[in-house]
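# Reading the structure
Take a look at the letters that make up each chain.
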Amino acid sequence: MRVYLHRNFLLSFLASFISLFGSKLLMISYVAFVFTESGSATLAAIVFAADWMANLFIGVLGAQYIDRQDAKKLLIWLNLVTAAVTLLFLGFTDPDLYVYAVVIIFVRALLKSAVQNARVKALVQFFDEKETNTFSPLFNSALPIAMALAGAVGVFLLNFVGMAVVVLIDAACFLVAAWLMMLVRPNEARLAASLHSSRGEGRRSSLSGVRDAATLMARNDTIGTAVFYIVLSVTAFQATYESLITVIPEIWFGYGESGIALFFTFESISIMAGAFIYQYFSRRDLINDSNKEKVNLAVVAAITVLYLAMPSASDNIVLAVVMFSLMVLGGEIIWVHHFKLMIAHTPGARVSSVVGLQTAIGYSLMAVFAFVFARGLDSIGVDTTVYLNIALTVALVIGWELVRKKIQRRERQAAAGVTDATAERPETPETPAKSTAQ
């Protein structure tokens, strides 16, 4: 555990966690409030969708700008601005002002998405390369842990205080996060290298960053596969189980808000456990290049089976919580594993663009999955909706693995072409043959 007592890691992780906790606290509290007042999973899902859709705009239009910035300064300002926007919610806590509340949540989500991209950029500005590889899985886990804990705390708070108090706590989170970020000391060498590589290209349009990121995803098997499974984990799994959290405690067990808080609490514990379990095996080289594909598919298969069996736990809350927790744990392992690979294989000058596009794709589809899944819960019931989701998941995984084989074949052909061209190049005084001693 000593490796995680690194000053910059502790400060930046804590600042990220508190900032993300604040981002989610108001949203999830409001979701629970709306569902309790209306009984509609669809209205609750619209709040989630507004939050997730914001990632599309930042991922496409903002990531190129973030790649060119000093992450520390940017994170400080983003947290201060978000605190100010959050306070606007004080005037829109009445259920009759639902539409305006969703607009504020959307604006906050834009800022939160920018924070998330800047956090990723911080990985290549705050740490050296070895530290980046070590810290990236846990750094990324701050988001789902914060979201789960915010769910548990937010629902609990609503039993004792009004939405206005939640808003004030929320704004305070961003101010604390900004203060913690002021204490971070970036790695000067990597900060200079990062700014030089990203700004040295001159000003480029937002769409050029998207094109570069899309090209990397399409041509690099590791990056492409990482993006696919990250997107899968936040759509077919996370988007749907977040909807289930707001519904099944009441419709299966009649526990209402206390049940929602219970499931969110176990979600946060499971996410944390998944991140550290992955780190334990990865740092001991038990998850490596030779077995990473088998481990990945085995975990996906296990989650799918658990999800398929979930309706059988409708009369046993202990079994439902256990199965749900194992699903979340497996999803977190998939997420942190592929996030680590994506960061490790993406050039530093493109890291925000790649993560931004991945986030835009993932969270936009997350909004779609959540809305469609919630409509299914309202119209055809939990069991049928879950079974349809599993069928879609299986089809997506099989489809990607077939596409992936084509990408791998193209990579091998490109590598063979470079090797042949090198072998056929005539030896000249200007291009001497490489010595075998080298």
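Provided above is the structure to which this section pertains.
The structure contained in this document is the topic of the report that follows. Because the structure is predicted, anything quoted here is derived from the model rather than measured.

## Things to note about the overall build of the protein
- The secondary structure content of the protein amounts to 15 helices and 0 strands.
- In the protein, which comprises 438 residues, the proportion classed as buried is 56%.
- Carbon and sulfur atoms make up 66% of the accessible area of the protein, which totals about 18800 Å².

## Considering the side chain of Thr385
- Here Thr385 shows up in helix α15 (residues 382–424).
- The class for Thr385 is buried, based on a relative accessible area of 6%.
- Of the polar contacts made by the side chain of Thr385, one reaches the backbone oxygen of Gly376; its length is 3.2 Å.
- Setting aside residues up to four positions removed in sequence, Thr385 forms contacts with Phe373, Gly376, Leu377 and Ile380.

## Quick word on the environment of Val184
- With respect to the helices, strands and loops of the structure, Val184 is situated in the loop between α6 (163–182) and α7 (188–199).
- The sequence separation of Val184 and Phe9 amounts to 175 residues, and the corresponding C-alpha distance is 8.7 Å.
- What Val184 contacts, discounting residues up to four positions off in sequence, is Asn8, Leu11, Ser12, Lys72 and Phe126.

## A look at the nonpolar core
- The biggest cluster of nonpolar side chains holds 124 residues, and the ones touching the most others in it are Tyr30, Phe89, Phe263 and Tyr307.
- Here the element with the most residues in this core is helix α1 (residues 7–38); it accounts for 16 residues.
- Each residue touching Tyr30, except ones within four places of it in the same chain, is listed here: Val47, Phe89, Tyr98, Ala101, Ile105 and Met163.

## Side note on the packing of aromatic side chains
- The tally for this structure, following the rule as stated, stands at 10 aromatic pairs.
- Arranged with centres 5.2 Å apart and planes meeting at 10°, the rings of Phe228 and Trp400 form a pair that is stacked. In this pair, Phe228 sits in helix α9 (residues 221–245) while Trp400 sits in helix α15, placing the two residues 172 residues apart along the sequence. The same class applies to Phe228 as to Trp400, namely buried.
- Considering the side-chain rings of Phe263 and Phe324, the 5.5 Å spacing of their centres and the 70° angle between planes classify their relative orientation as edge-to-face. Taken together, the residues span a long stretch of sequence, with Phe263 in helix α11 (residues 256–283) and Phe324 in helix α13 (residues 317–345) at a distance of 61 residues. Assigned by exposure class, Phe263 and Phe324 land together as buried.
- By the ring-pair criterion, three or more aromatic residues cluster together here, those being Phe228, Tyr229 and Trp400.

## Description of helix α4 (residues 98–123)
- With 26 residues, α4 should reach 38 Å at 1.5 Å per residue; the first-to-last C-alpha distance of 37 Å fits that figure.
- Of all 26 residues making up α4, 20 are buried, and the element is well covered by its neighbours.

## Considerations on the pattern of salt bridges
- Inspection of every chain in the model, using the stated rule, returns 5 salt bridges.
- Put simply, Asp289 and Lys292 hold a salt bridge, and the shortest N to O gap is 3.6 Å.
- Relative accessible area serves as the criterion here: at 16%, Lys292 is assigned to the buried category.
- Here Glu401 ties to Arg404 by a salt bridge, and the two come within 3.8 Å at their closest N and O atoms. Separated by 3 residues within a single helix, Glu401 and Arg404 lie in helix α15, roughly one turn from each other. Here Glu401 and Arg404 have matching classes, each one buried.

## Looking at the packing of α4 against helix α14 (residues 351–379)
- Here α4 crosses α14 at 145°, and the two axes come no closer than 9 Å. Taken as a pair, α4 and α14 cross one another with a handedness that is right-handed. Seen from α4, the contacting residues are Gln116, Asn117, Val120 and Lys121; seen from α14, they are Val351, Ser352, Val355, Gly356, Thr359 and Tyr363.
- Considering only residue class, the contact of α4 with α14 consists of 4 nonpolar, 5 polar and 1 charged.

## Re the environment of Ala50
- Within the fold, Ala50 resides in helix α2 (residues 41–66).
- A residue is classified by how much of its surface remains accessible, and Ala50, at 11% relative accessible area, is buried.
- Spatially, the C-alpha atom of Ala50 lies 7.8 Å from that of Ala109, the residues being 59 residues apart in sequence.
- When near neighbours in sequence (up to four residues on either side) are disregarded, Ala50 contacts Val102, Phe106 and Ala109.

## Re α11
- Across its 28 residues, α11 extends 41 Å between first and last C-alpha, which sits within 8% of the 40 Å expected from 1.5 Å per residue.
- Downstream of α11 by a residue or two, Asp285 has a phi angle that is positive, lying close to 60°.

## Points about a positive patch on the surface
- Residues Arg219, Lys405, Lys406, Arg409, Arg410 and Arg412 make up a contiguous surface patch of positive charge.
- A per-element tally of the positive patch places α15 first, with 5 residues.
- Looking at the secondary structure, you find Lys405 in helix α15.

Reading the values: the criteria
Residues numbered from 1 in each chain as written. Predicted model: local features only at pLDDT ≥ 70, side-chain atom pairs only at ≥ 80, totals over all residues. Heavy atoms only, no water. Helix = DSSP H or I, 4+ residues; strand = E, 2+ residues; numbered from the N terminus. Buried < 20%, exposed > 50% of the residue type's maximum accessible area, 1.4 Å probe, protein only. Areas by Shrake-Rupley, 256 points an atom, 1.4 Å probe, with all protein chains shown as cover. Polar contact = N/O pair within 3.5 Å; in protein donor to acceptor, adjacent residues only side chain to side chain. Contact = heavy atoms within 4.5 Å. Core = buried A, V, L, I, M, F, W, Y, C linked by side-chain atoms within 4.5 Å. Phe/Tyr/Trp six-rings, centres within 6.5 Å; stacked < 30°, edge-to-face > 60°. Expected span 1.5 Å × (residues − 1). Salt bridge = Lys/Arg side-chain N within 4 Å of Asp/Glu carboxyl O. Axes fitted to C-alpha atoms, helices over the stretch in contact; angles between N-to-C directions. Left-handed = near helix turned anticlockwise from the far one by under 90°. Nonpolar A, V, L, I, M, F, W, Y, C, P; charged D, E, K, R; others polar. Patch = residues over 30% accessible without salt bridge, like charges linked within 9 Å, V, L, I, M, F, W, Y side chains within 5 Å. Lys, Arg positive; Asp, Glu negative; His and termini not counted. Charge placed at Lys NZ, Arg CZ, Asp CG, Glu CD.

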